[in-house]
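Notes for the structure review
Listed below are the residues making up each chain.
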Amino acid sequence: MDDTLFYGRLVTWPQSEPIDREHYQLLSAFVGNRCQRCGQDDRASLPNGGFYCLACLNLGRVASHDVLLTLAEPNDFPAYGKMPWTGQLTASQGRVSQELIDSYQKGEDRLVWAVTGAGKTEMLFPLLEHALQGRGRVAVLSPRVDVVLELAPRLRAAFGIEIQVLHGHQEEPYQYGQFVLATTHQALRFRQAFDLIVIDEVDAFPYRGDPVLNYAVNQARKQGGVLVYLTATPTPDLLRQVRQGKLRQSYLPRRFHQGLLPQIQTRKVGNWRKRCPQRLKVVVLAWQQEQIPFLVFVPQVKDLANVDKCLQKVLKIMGGTVHAGDPDRAAKVLRLRSGDWRYLVTTTILERGVTLPGLEVVILGADDPVFSTAALVQIAGRVARAKEKPTGLVLALIEEPTLVLRRAQQQIDQLNQLAEEMGGQS
Amino acid sequence: MNCLLCQEFLAQQSSALSLLTGRQAGSDLVCSRCLSQFTPITRVICYDCGRDSLPNEETIDKMSDNETKPGQQLCHDCQRWQAMGQSSLRHQALYRYDEQMKEYMSRYKFIGDYRLHLVFQKEMRQAIRRLIKQERIDWVVPIPLTQSRLAKRGFNQVEPFLSGKVLAGLVTKEQQKVEQSSLDRKKRMEGEQPFKLAAGVGPNIVNRTILLVDDIYTTGRTLHYAASCLYQAGAAQVFSISLAR
């Protein structure tokens with residue numbers, strides 16, 4: 001077997017299969033009842049008297065009759081020169097970027113609180129280049145496969161090296177490489193591999209509060225490896241770590257075009273599942289008139305068809321619906337991007353990652369518990385991202401005002417205030 | 001918890017019985033939408049392999065006898081089996097081997113999520129019990145796994161489906177290592193007899209009626225080999241059943 005496939009990896013191996021025990025580092029699959037890949041005790045039994053881990057089953061089964069194989073990460077990479085990317089950072093992006101490099105050199109973790117649309121990806125480039133030049137192995141992790149797929153070509157172009165893209169639905173086999181771009185879950189397959197791990201949207205499902213992924217990221221980084229957390233809506237837990245001085249923080253409250261985050265406007269409507277709200281019709285007709293692309297967020301998959309039907313009744317433009325389990329999701333987003341479609345009715349799945357100049361949104365049933373504070377701030381962040389049009393409408397249609405919604409509005413205010421205060425810096 | 005097939009959230013709908021006994025049923029693990037996407041085989045068109053549809057290019061005129069009713073005919077594939085001297089299996093399958101069933105098998109068998117045996121356990125056991133009565137079956141014999149595959153997987157996927165008097169009558173020969181599902185039709189048909197009789201079961205087979213149980217009937221190669229192994233040992237009649245066809 002090719003040794004490079006085991007560098008810094010965790011490979012599940014049945015004990016019944018022959019293996020060179022001198023060559024590989026062998027780890028038990030379970031210590032006590034705890035899975036050694038994901039650190040959890042959540043098991044189902046097998047009829048052979050053994051058991052297997054349920055917490056990380058989607059990455060392939062770890063059973064009590066398996067062992068885990070690994071080889072120490074040798075950082076066996078060719079020297080890296082300069083990245084082809086020659087873009088310019090704004091002053092505040094440049095400041096955060098330098099803070100990140102300093103942290104990396106000191107071996108400290110860092111949280112970057114950047115408003116959506118601040119250009120946080122570009123801001124990472126100097127740090128990633130620095131790490132690559134030092135032969136560090138780096139990983140950029142994102143909770144969503146859509147974001148990973150969108151980032152891949154951008155990163156390839158920026159760095160001019162092969163990037164290993166890993167996610168649950170891919171067909172190509174794993175290959176050893178210096179730069180890994182993956183969904184957060186894939187970190188479970190690594191062990192002491194990375195000198196630098198960047199976790200994008202650390203607040204997002206499924207990283208937040210998921211003990212599996214906390215464990216995974218800590219397993220995947222080398223001893224002395226550095227974590228960078230990126231977020232637009234930091235979790236209370238991360239903010240606590242910052243207050244306690246355990247985690248350094250960089251702020252980036254202003255969007256790259258210097259505009260502010262649009263505030264969420266709320267309107268009370270009746271039971272919108274029963275009757276399509278007049279307010280919704282008025283807004284979408286105006287968007288149609290002004291040729292503005294838009295998203296309609298709904299709480300549940302089963303709302304999609306009804307709302308789309310109601311839109312189709314009043315509109316002449318084309319559009320469609322998407323949800324997490326939709327196999328054509330990527331294609332549908334492309335149709336929206338290309339202008340072929342002018343709107344999408346969506347569940348929270350599109351709350352992040354989709355950027356489209358001039359986009360505006362309406363959140364139908366924004367008082368439904370599926371819309372968390374972070375989700376609402378993210379949704380507002382979809383809007384007003386273009387330099388040419390740095391404002392836009394974020395409309396929440398609700399039956400009753402909620403605290404969660406209020407908190408989201410407060411967070412937006414807070415960020416915008418911060419941006420005003422730091423205005424001179426950017 | 002989430003549905004084990006589509007990963008969508010599954011509202012707990014446990015019955016009072018399962019709450020009391022702690023025993024789980026298939027519907028506790030898989031959502032009703034996923035369950036409804038399996039295609040039961042209701043109208044059989046070939047009595048020997050239990051299929052309910054023909055491969056795309058074949059038409060009904062390739063069937064043995066145009067005049068007979070569906071369910072009393074022999075499909076092209078089974079005619080070939082008989083021409084090769086194989087005996088009849090009167091195979092029955094409960095579900096079509098379509099995308100949904102493939103997804104199920106990949107999770108149950110290849111990923112090895114043993115919990116999923118619950119989804120079809122009850123139905124398979126019922127079907128087997130019905131056949132035992134109807135055909136006066138003496139022994140229910142599962143298709144065995146190779147030793148190394150069994151060691152890796154930790155279970156034989158048909159084991160939970162068995163009912164009645166079970167006899168581990170067949171074992172695999174040592175050299176057979178290739179997974180059938182990794183081969184195309186031609187390679188499968190060329191494969192050698194992978195089974196032999198388990199030690200000491202000979203006397204139990206002679207003049208007995210046997211029901212073979214497998215998970216999937218694809219070309220029929222596996223089951224026909226297993227059946228001919230049993231016939232050689234003196235079995236009177238061999239029937240077969242699988243979850244999918």
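Because the structure is predicted, anything quoted here is derived from the model rather than measured.

A look at the overall build of chain A
A tally of helices and strands in chain A yields 10 helices and 20 strands. For chain A, the C-alpha radius of gyration of 23 Å lies close to 22 Å, the compact-globule estimate for 426 residues. Oriented by its inertia axes, the alpha-carbon framework of chain A measures out at about 70 × 55 × 40 Å. In chain A, which comprises 426 residues, the share counted as buried stands at 44%. Residue pairs in contact within chain A that sit at least 24 positions apart in sequence constitute 76% of those at least 6 positions apart.

Focus on the overall build of chain B
For chain B, the count of helices and strands is nine helices and six strands. Split into buried and exposed, the 245 residues of chain B put 35% on the buried side. Considering only intrachain contacts with a sequence separation of at least 6, the fraction spanning at least 24 residues in chain B is 79%.

Describing the sheet that holds strand E1 (residues 11-14) of chain A
Residue and element names in this part refer to chain A. The strand order across the open sheet built from three strands is E1-E7-E2, with neighbouring strands paired in antiparallel fashion. The sheet is open, and its two borders are formed by E1 and strand E2 (25-28), each paired with just one other strand. Ignoring strand direction, the axes of neighbouring strands in this sheet form an average angle of 40°. Direction of pairing for E1 relative to strand E7 (residues 66-70): antiparallel, over a ladder of four bridges. Bridging across to E7, Thr12 finds its partner in Leu68.

A look at the UniProt feature "domain: Phosphoribosyltransferase" (unreviewed entry) in chain B
The residues that UniProt annotates with the feature "domain: Phosphoribosyltransferase" (unreviewed entry) are residues 200-243 of chain B. The span residues 200-243 of chain B is 36% helical and 34% strand by assignment, and the distance between its end C-alpha atoms comes to 29 Å.

Side note on helix H9 (residues 373-381) of chain A
Taking burial as the measure, the nine residues of H9(A) include eight buried ones, the bulk of the element. Contacts made by the buried residues of H9(A) are with strand E16 (294-297), strand E19 (360-364), strand E20 (394-398) and helix H10 (403-421) of chain A.

A few points about the nonpolar core
Here is a general trend for soluble globular proteins: nonpolar side chains tend to be buried in one another's company. Of all hydrophobic cores here, the largest spans 123 residues; its most connected members are A:Ile197, A:Val296, A:Val361, A:Ile363, A:Leu364 and A:Leu376. In this structure, B:Cys31, B:Ala93, B:Phe195 and B:Ala227 belong to the second largest nonpolar core, which totals 58 residues.

Structural notes on the environment of A:Leu350
Residue and element names in this part refer to chain A. Along the polypeptide, Leu350 turns up in the loop between strand E18 (343-346) and E19. Spatially, the C-alpha atoms of Leu350 and Val322 are 8.4 Å apart, while their sequence positions differ by 28 residues. The contacts of Leu350, once residues within four sequence positions are left out, are Leu295, Val322 and Leu344.

Some words on the packing of H9(A) against H10(A)
Residues and elements named next belong to chain A. Contact pair H9 / H10: the axes reach a minimum separation of 8 Å and the direction vectors enclose 50°. The pairing of H9 with H10 is recorded here as oblique in orientation. Both H9 and H10 take part in a crossing whose hand is right-handed. Note on element contacts: H10 touches H9 through Val404, Leu405, Arg407, Ala408, Gln411 and Ile412, opposite Thr373, Leu376, Val377 and Ala380. Grouping the constituent residues of the contact of H9 with H10 by class yields seven nonpolar, two polar and one charged.

A word on the interface of chain A and chain B
Contacts between chain A and chain B engage 14 residues on the former and 13 residues on the latter. When grouped by side-chain class, the residues that make up the side of chain A that touches chain B number seven nonpolar, six polar and one charged.

Topic: the sheet that holds strand E1 (residues 92-95) of chain B
Residues and elements named next belong to chain B. Spatial strand order, E1-E6-E5-E2: four strands in an open sheet with parallel pairing. Every other strand in the sheet has two partners, leaving E1 and strand E2 (139-142) as the edge strands with one partner each. Taking each pair of neighbouring strands and ignoring which way they run, the sheet shows an average axis angle of 20°. Inspection of the sheet shows E1 paired to strand E6 (residues 237-244) by three bridges, in the parallel sense. Opposite Ala93, over in E6, you have Ser242 as the bridge partner. Each of strand E5 (209-216) and E6 is contacted by helix H9 (residues 221-232), which is oriented at about 160° to E5, the strand it contacts most.

Quick notes on the domain arrangement of chain A
All names here are of chain A. In terms of domain boundaries, chain A breaks down into domain 1 (3-70), domain 2 (91-252) and domain 3 (265-425). Here the C-alpha centroids of domain 2 and domain 3 sit 27 Å apart. With 16 residues of domain 2 at the contact, the number on the domain 3 side is 13 residues. Listing elements by their share of the side of domain 2 that touches domain 3, those giving two or more residues are helix H1 (91-106) and helix H3 (145-159). Counting residues per element, the side of domain 2 that touches domain 3 draws most heavily on H3, at four residues. For the side of domain 2 that touches domain 3, the residue count by class is seven nonpolar, four polar and five charged.

A closer look at the domain arrangement of chain B
Residue and element names in this part refer to chain B. Taken domain by domain, chain B holds domain 1 (1-34) and domain 2 (60-244). Residue-level contacts link seven residues of domain 1 with nine residues of domain 2. For the side of domain 1 that touches domain 2, the residue count by class is five nonpolar, two polar and no charged.

Structural notes on the packing of H1(A) against helix H2 (residues 120-133) of chain A
Residues and elements named next belong to chain A. Taken N-terminus to C-terminus, the directions of H1 and H2 make an angle of 30°; their axes are 8 Å apart at the nearest point. As summarised for this structure, H1 and H2 are arranged roughly parallel, according to the angle between their axes. The way H1 lies across H2 gives a crossing that is right-handed. Along its contact with H1, which presents Gln93, Val96, Ser97, Leu100, Ile101 and Tyr104, the element H2 presents Glu122, Met123, Pro126, Leu127, His130 and Ala131. When grouped by side-chain class, the residues that make up the contact of H1 with H2 number eight nonpolar, three polar and one charged.

A short note on the pairing of E16(A)
Residues and elements named next belong to chain A. The alternating pattern of E16 places Phe294 and Val296 on one face and Leu295 and Phe297 on the opposite face, and all of these are buried. In this sheet, E18 lies alongside E16 in parallel orientation, the contact comprising four bridges. Across the sheet, Val296 pairs through a bridge with Val345, a residue of E18. Two elements, E16 and E19, share four bridges in a ladder whose sense is parallel. Residue pairing for E19: Phe297 is matched across the bridge by Ile363.

Section: the confidence of the model for chain B
Residue-level pLDDT values for chain B average 85, and 84% of them are 70 or greater. Across the interfaces of the predicted complex, the ipTM metric reaches 0.85, alongside a pTM of 0.78.

Quick word on unusual backbone geometry
In terms of backbone geometry, most residues other than glycine have negative phi values and most peptide bonds are trans. Look at A:Gln192: it is not a glycine, yet its phi comes out positive at around 45°. If you check the backbone angles, B:Arg136 has positive phi at about 50° while not being a glycine. Structurally, B:Arg136 is set in the loop between helix H5 (117-135) and E2.

So, H3(A)
Residue and element names in this part refer to chain A. Helix length check: H3, at 15 residues, gives a terminal C-alpha distance of 21 Å against a target of 21 Å (1.5 Å per residue), a fit within 8%. Buried residues of H3: Val145, Asp146, Val147, Val148, Leu155, Ala158 and Phe159, and no others. Along its buried surface, H3 packs onto H2, strand E9 (138-142), strand E10 (163-166) and strand E11 (179-183). Immediately downstream of H3, the backbone of Gly160 shows phi near 60°, a positive value.

Criteria and cut-off values
Residues numbered from 1 in each chain as written. Chains lettered and ligands numbered in written order. Predicted model: local features only at pLDDT ≥ 70, side-chain atom pairs only at ≥ 80, totals over all residues. Helix = DSSP H or I, 4+ residues; strand = E, 2+ residues; numbered from the N terminus. Rg over C-alpha atoms; globule rule 2.2 N^0.38 Å. Buried ≥ 20, exposed ≤ 12 C-beta atoms within 10 Å, placed from the backbone. Contact = placed C-beta atoms within 7 Å. Pairing = 2+ DSSP bridges. Axes fitted to C-alpha atoms, helices over the stretch in contact; angles between N-to-C directions. UniProt positions renumbered as here; feature names shortened; annotations may be inferred. Core = buried A, V, L, I, M, F, W, Y, C linked by C-beta atoms within 7 Å. Parallel < 35°, antiparallel > 145°, perpendicular 65-115°, else oblique. Left-handed = near helix turned anticlockwise from the far one by under 90°. Nonpolar A, V, L, I, M, F, W, Y, C, P; charged D, E, K, R; others polar. Domains from an automatic or database assignment. pLDDT = per-residue confidence, 0-100. Expected span 1.5 Å × (residues − 1).

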